[in-house]
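Listed below, chain by chain, are the residues.
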Amino acid sequence: MRPIATTRTAAGIPTGRLAVWWVLASEIVIFGGLLVSYIMHRIARPEFGAHAAHTNVWIGGFNTFVLLTSSLSAVLAHKAAVGGDGPKAAKLLYATCLGAATFLAVKSVEWTIEISHGYTITESAFWSFYYTAAGLHALHVIAGAIIMLIVAETAKRNLELHRVELIGIYWHFVDIVWIFLFPLLYIAK
């Protein structure tokens, strides 16, 4: 018997996939509001550029590379799942989780350096936005990695392989959010 999430549909879309897209729609509202607010403050406050000059573009760029690479392993995991190779999909999801862990470790080192130089969340409006946006993104990276580990555990037993696609969709969203955050917080001085 096939799981109900793979057999039920709404408007011709499997319910699991539809649920992920609904979650992402709500996340777009959250991140969209935050980013629009940041841009409006950025335009109104020229001092944002002076504060943004203290972010490390190389660290942000490295983390961008890490996330994009982890997206590739998520795509390859989906391909393996579609081909019925759950153990291979699981290994690729673990590789994606390694990317998440690397991203978080680098972010921890970066924040430690910034805070040690006095750039805290209360330093200025820029740093408040920076830590809020990057922190919210990091929470999504953590959530995605946890869910991915759960999906990988079932995938390696060739169970619930449709979930590999679902966590992949979520992971790509996390990457897309970073693609917006990186230039706004690191490059735009």
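Calculation criteria
- Residues numbered from 1 in each chain as written.
- Predicted model: local features only at pLDDT ≥ 70, side-chain atom pairs only at ≥ 80, totals over all residues.
- Heavy atoms only, no water.
- Helix = DSSP H or I, 4+ residues; strand = E, 2+ residues; numbered from the N terminus.
- Buried < 20%, exposed > 50% of the residue type's maximum accessible area, 1.4 Å probe, protein only.
- Lys, Arg positive; Asp, Glu negative; His and termini not counted.
- Charge placed at Lys NZ, Arg CZ, Asp CG, Glu CD.
- Phe/Tyr/Trp six-rings, centres within 6.5 Å; stacked < 30°, edge-to-face > 60°.
- Axes fitted to C-alpha atoms, helices over the stretch in contact; angles between N-to-C directions.
- Parallel < 35°, antiparallel > 145°, perpendicular 65-115°, else oblique.
- Left-handed = near helix turned anticlockwise from the far one by under 90°.
- Contact = heavy atoms within 4.5 Å.
- Nonpolar A, V, L, I, M, F, W, Y, C, P; charged D, E, K, R; others polar.
- Salt bridge = Lys/Arg side-chain N within 4 Å of Asp/Glu carboxyl O.
- Core = buried A, V, L, I, M, F, W, Y, C linked by side-chain atoms within 4.5 Å.
- pLDDT = per-residue confidence, 0-100.

Draft legend 1. Spatial organisation of the overall build of the chain. The secondary structure content of the chain amounts to seven helices and two strands. Taken from N to C terminus, the helices and strands of the chain fall in the order α-β-β-α-α-α-α-α-α. The principal-axis extent of the C-alpha atoms belonging to the chain is close to 60 × 35 × 20 Å. Scored against the burial criterion, the 189 residues of the chain give a buried share of 42%. Measuring between centres, the 13 positive side-chain charges of the chain sit 9 Å from its 10 negative side-chain charges.

Draft legend 2. Examining the packing of aromatic side chains more closely. Summed over all chains, the structure comprises 17 aromatic pairs. Both rings, one in Tyr 38 and one in Phe 48, keep their centres 5.7 Å apart while their planes meet at 45°; by these two values the pair is tilted. One end of the pair, Tyr 38, is in helix 2 (residues 15–44); the other, Phe 48, is in helix 3 (residues 47–52), with 10 residues separating them in the sequence. The class for Tyr 38 is buried, based on a relative accessible area of 3%. Under the relative-accessibility criterion, Phe 48 is labelled buried at 1%. An angle of 75° between the planes, with centres 5.0 Å apart, marks the rings of Tyr 130 and Tyr 131 as edge-to-face. You'll find Tyr 130 and Tyr 131 in the same group, each marked buried.

Draft legend 3. Just the packing of helix 4 (residues 57–82) against helix 5 (residues 86–116), in detail. With their axes 8 Å apart at the nearest point, helix 4 and helix 5 run at an angle of 165° to one another. Taken together, the axes of helix 4 and helix 5 lie roughly antiparallel to each other. The two elements helix 4 and helix 5 meet at a crossing, and its hand is left-handed. Between helix 4, through Ile 59, Phe 62, Asn 63, Val 66, Leu 67, Ser 70, Ser 73, Ala 74, Leu 76, Ala 77, Ala 80 and Ala 81, and helix 5, the contact on the second element is made entirely by Lys 88, Ala 89, Leu 92, Leu 93, Ala 95, Thr 96, Gly 99, Thr 102, Phe 103, Val 106, Lys 107 and Glu 110. A breakdown of the residues in the contact of helix 4 with helix 5 according to their chemical character gives 15 nonpolar, six polar and three charged.

Draft legend 4. Looking closely at the side chain of Asp 175. Within the secondary structure, Asp 175 is located in helix 7 (residues 162–187). Summary of buried charges: Asp 175 has no salt-bridge partner, and the nearest side chain of opposite charge, Lys 107, is 13 Å away. Leave out the neighbours within four places in its chain, and Asp 175 touches Leu 67, Leu 68, Ser 70 and Ser 71.

Draft legend 5. Molecular detail of the nonpolar core. Membership of the largest hydrophobic core comes to 50 residues, with the highest contact counts inside it found for Leu 93, Phe 126, Val 164 and Leu 185. At the level of secondary structure, the elements contributing two or more residues to this core comprise helix 2, helix 3, helix 4, helix 5, helix 6 (125–155) and helix 7. The greatest single-element share of this core, amounting to 15 residues, is contributed by helix 7. In this structure, Leu 185 is in contact with Tyr 38, Ala 52, Thr 55, Phe 126, Tyr 130 and Ala 133, ignoring residues within four places of it in sequence.

Draft legend 6. Quick peek at the pattern of salt bridges. Under the criterion given, the structure shown has four salt bridges. Between Lys 156 and Glu 153 there is a salt bridge, and its shortest N-O distance comes to 3.2 Å. Look at Lys 156 and you get partly exposed, because its relative accessible area is 39%. Residue Glu 153 is classed as partly exposed on the basis of its relative accessible area, which comes to 33%.

Draft legend 7. Main features of the confidence of the model for the chain. In the predicted model, the chain carries a mean pLDDT of 92, and 94% of its residues have values of at least 70. When mean pLDDT is compared element by element in the chain, helix 5 scores highest at 97, while helix 1 (residues 4–7) scores lowest at 54.

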